[in-house]
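Survey of secondary and tertiary structure
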Amino acid sequence: GTPWFAGNEYQVAGHSAVKQDLVILNAGSSTGTDPLGDYNATMLNWGNAQDKVPLMQTGFRQYHHDPGMLVFEQLFLKELNATEVKGSDLASATIFPSFKRPGKNQAPKGSEALDGFSYHGVFPKIEPCTLSNFTETHQGGVPLVLYNRSDATLPMVVFSPLNYPMAHHMASTGDFVGAGVKATVGVIPKGWSQLFLLSAGTGINKGLMQWGDRMLKFTGKPRTDNRFLDDIHGKIGFWTDNGGFYHYSIGDNASLGTNYEEVLPKVKQYHDELGVPFGHWQFDSWFYPKDGKVSPGGGGGAVTNWTSLDSVFPSGMAAIQEKLGVPIVMHNRQWSPKSDYIHNLSFPWYSSEKASVPVDPPAFFDWFFKQQEGWGLGMYEQDWMCTEYDEVSAIQTNITMGDLWLYGMAEGAARSGRTVQYCMPYSHEILSAAALPAVTNARATDDYFHGVDQWSVGHTAMYYWALNILPFKDGFYSSSLPQVGGQTVGPETSPDRETIMAALSCAMVGPMDGIYLLNKTRVMATCNAAGVVLKPDRPVTATDEGFRRGDSARPVFATETNVRGWGAISYVFASHTGEIVPGDLDLKPSDDYLVYNWYSGELSSMANLTGQVELGYEGHAYVVVAPVVEGWAVVGEVDKYVTASEVRVVSIAPGKTGPVATLKGVKGESVRFCAAPAATLVLECQTVKFPGDGEQKVEFGSREVVV
């Protein structure tokens, strides 16, 4: 085929191969084994043209069992001091590999046909680009995805760091795009090895998963199914995050109490009486002392002591846990240089004016996570990660400190039996979590009510899910009523969209409504009667169809449930345009599927899915796409957003008169489950009641429920 890439620029210690003051001293080849497998390597040793002192060895590895990837290595043959590291004005102090911009001398023609995107900013967001116009941003620009949309199969590659992602940075000039050790480091030690991965695949979603599989194989992080890891991951929860009713507010109903300790148990009592079985809660930054005021956007002071303020919980953290009785997600922000941990303990710290980080993160966090006895702490939410990085110079200048900070935090949490959520991360921090099993999820959207399209998880989810990180959509209001007395009054104009995205994310579902304002029907449409979220098999992601069209921002997201014995039942969401086509599921109009409009209840054949779907009352479209098997399509539990979750459906098989579904339920639960003959497009629904926890069968076509 036509080559896509060429590169001949190498840089180190201010020297450049193109400028000819960096020269090849010698070349060689070798074989070896790393976590990815056996490889053949080709190496070049580079040195200053003047004195021929060896500076850096570059190499690329080709793997015997997997020709779909290349690994590039920068190995440093001597220590590079601050002057040598600062020899370049690029964002990276070294360059290898590099990829020529299209149109430059000897750049391959194949590069001109490539579209692409990369991830940038806090809560890393997709930004379209090409190899011609790619520009790195602060802690952003990776992973970089390039693909050929003139081929409907979307052949593609992903480029990213493979190890020490916090030590690397992308860099570019008018001639090339490349990567290396970030230019902010003070010293690059002799023997330091910085690795980069170029991973090939077909299809955007599948190709990113292939990249993720290779990343995880190298780091050793297992691809564990964390959707139902515990009650925090698996059950609906009540959140008090920024934008929610109880974020720095207890409301204006004085009869409920004068502090959080008095008010929150009454909120829980209201939930219990309403019949909404929240399985966990979240406490945001309002509960602990800080060294400054907090702004309306949530920014402000750093934590001085991670325990409760007397004005919030006068009886302490263990006492409020006794009253709530559920596991809790607890928020933390950057560490204050004025904190008790710095002034009263022996742990050394790196400090700046506004933030600090322990010199030995594994030691500190091992101690720290032993201090919350009786709190009910199940998940540690590390927020303001961008601020911690930007404010503490040691994380920027010490080549190992960034990854060590994150490793110590995750390992300390894991040893104490907790998990970690990242909030406000840069892309480099997400990449570091590819080596950290305790980091099960990360915020994929801006703060509720404080960001544009903060409901839109699909593009970031492609990235997170590839690394086995669940993409959490922030908490939300389930009601369209004004939330008078809370931090944010609203009202929420699209509560269905918020709730659907939360359910399809496969992470936590976290309503944040004030007392007496929760919409029970909407919340319970996400879960079973015990509060277990009815999740699809994987997080909702942007469909490949948008990339085929050259519209990488197209707001059409899809996911599915693979039902044992039957096939994949898919869920497709389209914002405002309502445009959904068979290509969104990599299907053809002639394929034998039925389409169920979740809002109108209308059934149609795949052949009629030509673009515009009837919008729901909030102005978006949501459909269930079900395969036709022996003349029948099973839509599932139409009162729920995810109609055929594995939490509900054990299996479906063809029967004598129609499909036979084996369903799971809990005591007292009533389930309405639906299917339709393709010949009539008339939905047949049957109600199954569960006298106790267990399974029941329902057979269609006979109108009989088989117990």
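Anything mentioned here points back to the structure above.
The paragraphs below set out a description of the structure included in this document. (Residues numbered from 1 in each chain as written. Predicted model: local features only at pLDDT ≥ 70, side-chain atom pairs only at ≥ 80, totals over all residues. Heavy atoms only, no water.)

The helix and strand tally for the chain stands at 15 helices and 38 strands. By the compact-globule yardstick of 27 Å for 707 residues, the chain fits well, its C-alpha radius of gyration being 27 Å. For the chain, the residues scored as buried account for 62% of the 707 residues in total. Pairs at least 24 residues apart make up 69% of the contacts formed inside the chain by residues separated by at least 6 positions. Surface accessibility of the chain: about 24800 Å² in total, with carbon and sulfur atoms responsible for 51%. Across the chain, 52 positive and 74 negative side-chain charges occur, with their mean positions spaced 2 Å apart. (Helix = DSSP H or I, 4+ residues; strand = E, 2+ residues; numbered from the N terminus. Rg over C-alpha atoms; globule rule 2.2 N^0.38 Å. Buried < 20%, exposed > 50% of the residue type's maximum accessible area, 1.4 Å probe, protein only. Contact = heavy atoms within 4.5 Å. Areas by Shrake-Rupley, 256 points an atom, 1.4 Å probe, with all protein chains shown as cover. Lys, Arg positive; Asp, Glu negative; His and termini not counted. Charge placed at Lys NZ, Arg CZ, Asp CG, Glu CD.)

Moving on: the pattern of salt bridges. Per the stated rule, a full pass over the model turns up 30 salt bridges. Note that D446 is salt-bridged to K125, the shortest N-O span being 3.3 Å. Taken together, the positions of D446 in the loop between β22 (439-443) and α12 (458-466) and K125 in strand β9 (residues 125-129) put the pair 321 residues apart, joining distant regions of the chain. Each of E545, R548, R549, R554, E579, D584 and D586 takes part in a single network of salt bridges with overlapping partners. (Salt bridge = Lys/Arg side-chain N within 4 Å of Asp/Glu carboxyl O.)

What follows concerns the layout of surface pockets. Approximately 390 Å³ is the volume attributed to the largest pocket. If you go around the largest pocket, you meet 20 residues; those closest to its centre are K125, I126, D453, S456 and H459. Of all the secondary structure elements, the ones that give two or more residues to the lining of the largest pocket are β9 and α12. Ranked by the residues each element gives to the lining of the largest pocket, the list is headed by β9, at four residues. Partitioned by chemical class, the residues of the lining of the largest pocket number eight nonpolar, eight polar and four charged. Size it by volume and the second largest pocket reaches roughly 340 Å³. Lining the second largest pocket are 18 residues, with R538, E560, D584, L585 and D586 sitting closest to its centre. Of all the elements in the fold, those that place two or more residues in the lining of the second largest pocket are α2 (204-219), β24 (541-542), β25 (556-563) and β26 (567-575). Among the elements that take part in the lining of the second largest pocket, β25 stands out by supplying three residues, more than any other. (1 Å grid on protein atoms, 1.4 Å probe; cavity = no way out; pocket = protein on both sides within 12 Å on 5 of 7 lines; lining within 4 Å. Points joined across faces, edges and corners; volume = space filled by probe spheres on them. Nonpolar A, V, L, I, M, F, W, Y, C, P; charged D, E, K, R; others polar.)

Turning to the pairing of strand β36 (residues 684-689), a few remarks are in order. The alternating pattern of β36 places E684, Q686 and V688 on a buried face and C685, T687 and K689 on a face that is not buried. Hairpin connection from strand β35 (residues 670-677) to β36: six residues lie between these consecutive antiparallel strands, with L681 at a positive phi of about 55°. (Pairing = 2+ DSSP bridges.)

The gaps left among the atoms become clear once a water-sized probe is rolled over them. Across all of its chains, the model carries two cavities of 30 Å³ or more by this definition. By volume, the largest cavity amounts to about 60 Å³. Along the walls of the largest cavity sit 13 residues, with N242, G298, D383, W384 and D447 positioned nearest its centre. When grouped by side-chain class, the residues that make up the lining of the largest cavity number two nonpolar, six polar and five charged. In this structure, the second largest cavity occupies an estimated 40 Å³ of space. Lining the second largest cavity are H459, A542, T543, G546, F547, D551, S552, R554 and V556.

Bringing the sheet that holds β22 into the picture now. Here seven strands make up an open sheet; going across it, the order is β15-β16-β17-β20-β21-β22-β23 and the pairing parallel. Two strands close off the open sheet at either side, each with one partner strand: β15 (237-238) and β23 (470-472). Contacting β20 (377-382), β21 (419-422) and β22, helix α10 (residues 401-415) crosses the sheet at an angle of about 140° to β21. The strands touched by α12 are β22 and β23; relative to β23, the strand with the most contacts, the crossing angle is about 145°. (Axes fitted to C-alpha atoms, helices over the stretch in contact; angles between N-to-C directions.)

For soluble globular proteins, nonpolar side chains are generally found buried alongside one another. Counting 211 residues, the largest nonpolar core has F283, W306 and Y422 as its most contacted members. Here F283 is in contact with T240, L264, F313, M317, I320, L324, I328, V329, M330 and H331, once residues within four sequence places are set aside. (Core = buried A, V, L, I, M, F, W, Y, C linked by side-chain atoms within 4.5 Å.)

Right, let's get into the packing of aromatic side chains. All told, the structure shown has 64 aromatic pairs when counted by the stated rule. Between W286 and F287, the ring centres sit 6.3 Å apart and the planes meet at 75°, which makes this aromatic pair edge-to-face. The exposure class of W286 is buried, given its relative accessible area of 2%. Its relative accessible area of 0% is what places F287 among the buried residues. Ring geometry for W335 against F368: centres 5.3 Å apart, planes inclined by 90°, an arrangement best described as edge-to-face. Taken together, the positions of W335 in the loop between β17 (328-332) and α6 (340-343) and F368 in helix α7 (residues 361-368) put the pair 33 residues apart, joining distant regions of the chain. By relative accessible area, which is 1% here, F368 ends up buried. Above the face of the Y288 ring, K290 is positioned so that its terminal group lies 4.6 Å from the ring centre. (Phe/Tyr/Trp six-rings, centres within 6.5 Å; stacked < 30°, edge-to-face > 60°. Lys NZ or Arg CZ within 6 Å of the ring centre and 35° of its normal.)

Keep in mind these numbers describe shape, not what the thing actually does.
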